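# Coordinate analysis (summary)
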Amino acid sequence: MGILRARAYPTKLFFNAADHTYVECGSGGKAWGCWGGKTGGRALREAQGSTQRADAIAGANERAGVTCYLINGVCHQAANRVLFPAAITVAGARGYSLSSAIFSVYGRPRGPLGTCSAPFDQHPGVTGDLSECLQGPQEDYEEPSRVEEAEAEHGPPDFEDAAYMAEVGALYQDRFLRALEDNVDAYGFQMEHFALFVQHKERVTPLSLQRVEREELTAARSDFEKDRIEAEQAYAASGDALTFVAAFDALTLKFQDDLAETLRDENYRCLLDLSPEERIVLSDPDIVAAAYGLNLAGPAAT
């Protein structure tokens, strides 16, 4: 069995943005860019998994069926799909908890008005390993201390919560498939996943929500989803990608503001793995430029 390794590096926005993530095999002979670059990242973790199956999931464009950037997901969701044969994720990358809260573990099923269909083809019948992944290891691998420190503070990563990943898997086999064809289920899928995400954080971190916090947290997530759908529908009607990307970034920042106002500081840290004073965006300017034909500096100027 081959090895799949999750890697991450900061984007050009650095302090104001999530990490870019990608996947490589243990030999270093093959990597999948997951919408962006595929060299120079720090190792997050690795596990055994079929590299042939990972390559089939990634597809020729290495985006793993995450069809539309910032609509179905970002690099985190694409990388998680490629890592599926190894049963690990990019947990530990900066911004991953925010990304999971907004896009779910493996991405949103569709975009506005039935566009951007993004089925998750897991290729269960594919096994074995790519020839370029069967060479000796490129480097001695050690579990990064940074990830170990994060796990000590915030609890184990998502894939070590068996109940959470089983529930996520069932959601992708049921409501995700229905959501590919139905707007109501597309909204419901996101809200159901968010509920699972919160329950996961309550199991593995000190997150302890009072009733009012839980209600306001759910309302903030619902408001974000409805506002996102409106922004996507406006983009579908106008084709104005610059306005859409700016709107998505603004909604992401507002979501963090809303949570910071709703949650006690420790609960905010446990939920998003960020300090209550931090605000980050999920859009990578380089990927945005390639995906939408734009040249964005992003909202990180200050």
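Before any of the text, the structure's been laid out above.
Residues numbered from 1 in each chain as written. Predicted model: local features only at pLDDT ≥ 70, side-chain atom pairs only at ≥ 80, totals over all residues. Heavy atoms only, no water.

## Some thoughts on the nonpolar core
One finds Trp32, Leu70, Leu259, Leu271 and Tyr292 to be the most contacted residues of the largest nonpolar core, which totals 81 residues. Here the element with the most residues in this core is helix α9 (residues 241-262); it accounts for seven residues. (Core = buried A, V, L, I, M, F, W, Y, C linked by side-chain atoms within 4.5 Å. Buried < 20%, exposed > 50% of the residue type's maximum accessible area, 1.4 Å probe, protein only. Helix = DSSP H or I, 4+ residues; strand = E, 2+ residues; numbered from the N terminus.)

## Description of the state of the cysteines
All told, the structure shown has two disulfides when counted by the stated rule. The side chain of cysteine 25 participates in a disulfide bridge whose partner is cysteine 133; the two sulfur atoms lie 2.3 Å from each other. Between cysteine 25 and cysteine 133, the S-S dihedral sits near -85°, and the bridge is therefore left-handed. Of this pair, cysteine 25 sits in strand β2 (residues 20-25) while cysteine 133 sits in the loop between α3 (96-103) and α4 (145-154); the two residues are 108 residues apart in sequence, bridging distant segments of the chain. Taken individually, cysteine 25 and cysteine 133 each receive the classification buried, so the pair is uniform in this respect. Through a disulfide, cysteine 68 is tied to cysteine 116; the S-S separation comes to 2.1 Å. The S-S bond linking cysteine 68 to cysteine 116 shows a torsion near -90°; that makes this disulfide left-handed. (Disulfide = S-S within 2.5 Å.)

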